[in-house]
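# Structure assessment
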Amino acid sequence: MRRTNLALLVLSSTFLVLASCTSPDGQNEAMPTRADGAAFFAANCVSCHGAGGQGVGTTADGLAVLPPNLTLLSAENDDRFPAARALSYIYGDPQNSHLARVMPQFGGEMAEDLVPVDIEGVLTPTPRELAGLLVYLESIQQ
Ligand code: HEC
């Protein structure tokens, strides 16, 4: 029994040490990774953009505008990943939800949890989910 408690104590303090990797602004959370972005993409984007982001999701057929192939964003932008454009498109414009577009906007309540991300040379406060998503999107470019 005592041994189990000790093992638990060691485990939980290891977890505490891992969890307390602080960022400059004092938040106790690490930067989101490609895996976080992939999970967010699977949950929110795959239905339209397809599993690999190539624009062939299951609901893509019925849409008025076809979802673009997201693995070609860099190729269509002089081989540079258009992080700022992708970010602002995905985030949307929460104040102007009447904007005519097919794709939903993912901003809004996300604005509560921001992390600093280097967007084309400018450190930009970015919703945590979208920061991971950008890492993922950049990784699937052809
Ligand atoms: C309901 C279907 C749908 C969902 C869900 C969706 N998209 Fe889209 N997406 C579209 C369509 C359609 C377009 C083309 C522009 C338009 O009409 O909105 C688009 C455009 C884009 C663009 C702009 C590409 C460019 O040329 O600049 C990006 C980036 C993008 N989507 C990423 C995402 C990500 C990331 C997600 C998940 C967080 C997502 N989309 C979820 C349908 C969708």
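By convention here, each chain's residues receive numbers from 1 onward along its written sequence. Totals for whole chains, interfaces and linings use all residues, but because this is a predicted model, local features are given only for residues with pLDDT of at least 70 and pairs of side-chain atoms are given and counted only at 80 or more.

### Focus on the environment of Glu138
Counted only if it meets this: Every helix listed is a DSSP run of H or I at least four residues long, and every strand listed is a run of E at least two residues long, numbered separately from the N terminus. In this scheme every C-beta is placed from the backbone, and a residue whose C-beta has 20 or more other C-beta atoms within 10 Å is buried, one with 12 or fewer is exposed, and one in between is partly exposed.
If you trace the backbone, Glu138 turns up in helix H5 (residues 128-139). What makes Glu138 partly exposed here is the crowd of 16 C-beta atoms within 10 Å. Separated by 57 residues in sequence, Glu138 and Phe81 place their C-alpha atoms 6.4 Å apart.

### Some remarks on the environment of Tyr136
As a reminder, the rule being used: Throughout, a pair of residues is in contact if the C-beta atoms placed from their backbones lie within 7 Å.
Residue position: Tyr136 is located in helix H5. With 101 residues separating them in the primary sequence, Tyr136 and Ala35 have C-alpha atoms 7.3 Å apart. Residue contacts for Tyr136: discarding those within four places in its chain leaves Arg34, Gly37, Ala38 and Phe41.

### With respect to helix H4 (residues 83-91)
Cut-off, in case you're wondering: An arc is given here, and it is the one of the directions from the helix axis to the C-beta atoms.
All of the buried residues along H4 are Ala83, Leu87 and Ile90. All buried residues of H4 project into a common sector of 75° when viewed along the axis, lining one side.

### Thoughts on the pairing of strand S1 (residues 114-119)
Defined as follows: Two strands are counted as paired when DSSP detects at least two bridges linking them.
Pairing analysis gives six bridges linking S1 to strand S2 (residues 122-127), with the strands arranged antiparallel. Directly across from Leu114, in S2, lies its bridge partner Pro127. Remark: two residues form the turn of the hairpin made by S1 and S2, two consecutive strands paired antiparallel; Glu120 in that turn has positive phi of roughly 50°.

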